[in-house]
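# Close look at the chain arrangement
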Amino acid sequence: MAGKVFFSVSMSLDGFIAPESPEDLMGRQWMELQQWIFPQRFFRENLKLGEGGEEGRDNDIVRETFERTGASVMGKRMFDAGEQAWPQEAPFRTPVFVVTHEKRDPWERPGGTTFHFVNDGIETALDQAREAAGGRDVRIAGGGATILEYVNAGLIDEFSIALAPVLFGSGIRLFEGVDAARVALEPVRTEPSPRVTHLTYTVRER
Ligand SMILES: NC(=O)c1ccc[n+]([C@@H]2O[C@H](COP(=O)([O-])OP(=O)(O)OC[C@H]3O[C@@H](n4cnc5c(N)ncnc54)[C@H](OP(=O)(O)O)[C@@H]3O)[C@@H](O)[C@H]2O)c1
């Protein structure tokens, strides 16, 4: 059976998922946005940041999101930022399909991640990811522009947002340009944790 297509991001209370400039990615706002995930045991072990860490619902959510993902799709700007920031063993450990205009050979990393660069659009990238995922789910990893393309094309089944108690004021807004006349949401669950509020929705066409 085909898996679901989903995304899962951290979002500021005023709707942003990243600062405008990649130079600010390691800045205060980004750290506050992601502060819930850095201490989690699964996150730390997957990125080889060290032993130990928090266990609890936040940690379970990080692990469950990783385990359901058979392949990921991401935009080139997210890849560019990650290429600098991820360790040699990139944390995906599955195939990753990067939608881009740039032609580039696949980039295989130790630990199971191979980045494939797809030049003919989001549907081709998704087809390749579905094939590679072998029945598990496909994660549209980000960033905002790429997620929005998939939402507006009606290709997202479900999404989760870790709503962080931080205000950005400006930056990359998750739903900037959404085709609101077409997209309808149904709430699946709301899970508060001490650090963030996890919101999950299914998506359908109006
Ligand atoms: N808060 C979170 O949980 C979270 C999660 C993921 C990412 N992020 C952040 O999101 C930011 C990046 O998001 P973004 O919205 O700026 O960019 P993005 O979606 O990562 O990448 C957009 C770029 O991807 C390529 N692209 C997208 N669709 C394409 C298509 N149909 N055909 C060909 N190329 C296509 C284009 O690059 P080219 O033309 O150069 O090829 C485009 O400029 C990063 O700062 C990242 O850290 C945050």
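An account of the accompanying structure is given in this report. (Residues numbered from 1 in each chain as written. Predicted model: local features only at pLDDT ≥ 70, side-chain atom pairs only at ≥ 80, totals over all residues. Heavy atoms only, no water.)

## Things to note about the pattern of salt bridges
Inspection of the entire model under this criterion finds 20 salt bridges. Between glutamate 89 and lysine 48 there is a salt bridge; the shortest N-O distance is 3.4 Å. Note that glutamate 89 is positioned in the loop between α4 (76-85) and β4 (95-99) and lysine 48 in the loop between α2 (41-46) and α3 (57-68), a separation of 41 residues in sequence. Taking relative accessible area as the criterion, glutamate 89 reaches 26% and is therefore assigned partly exposed. (Salt bridge = Lys/Arg side-chain N within 4 Å of Asp/Glu carboxyl O. Helix = DSSP H or I, 4+ residues; strand = E, 2+ residues; numbered from the N terminus. Buried < 20%, exposed > 50% of the residue type's maximum accessible area, 1.4 Å probe, protein only.)

## Considerations on unusual backbone geometry
Here the residue pair glycine 142 and glycine 143 is connected by a cis peptide bond, since its omega of -10° sits within 30 degrees of zero. Within the secondary structure, glycine 143 sits in the loop between β7 (137-142) and α6 (144-152). Located in the positive-phi region is lysine 48, a residue other than glycine, with phi close to 55°. Under the relative-accessibility criterion, lysine 48 is labelled exposed at 57%. The phi dihedral of arginine 93 falls on the positive side, at around 60°, and the residue is not glycine. Tracing the chain through its elements places arginine 93 in the loop between α4 and β4.

## As for the nonpolar core
Phe7, Val73, Ile140, Tyr150, Ile156 and Leu174 are the most contacted members of the largest nonpolar core, which has 29 residues in total. Of all the secondary structure elements, the ones that give two or more residues to this core are β1 (5-12), β3 (69-75), β4, α5 (122-133), β7, α6, β8 (158-164) and β11 (197-205). The leading source of residues in this core is α5, at five residues. In this structure, phenylalanine 7 is in contact with Ile140, Ile147, Val151, Ile156, Glu158, Phe159, Ser160, Leu174 and Phe175, ignoring residues within four places of it in sequence. (Core = buried A, V, L, I, M, F, W, Y, C linked by side-chain atoms within 4.5 Å. Contact = heavy atoms within 4.5 Å.)

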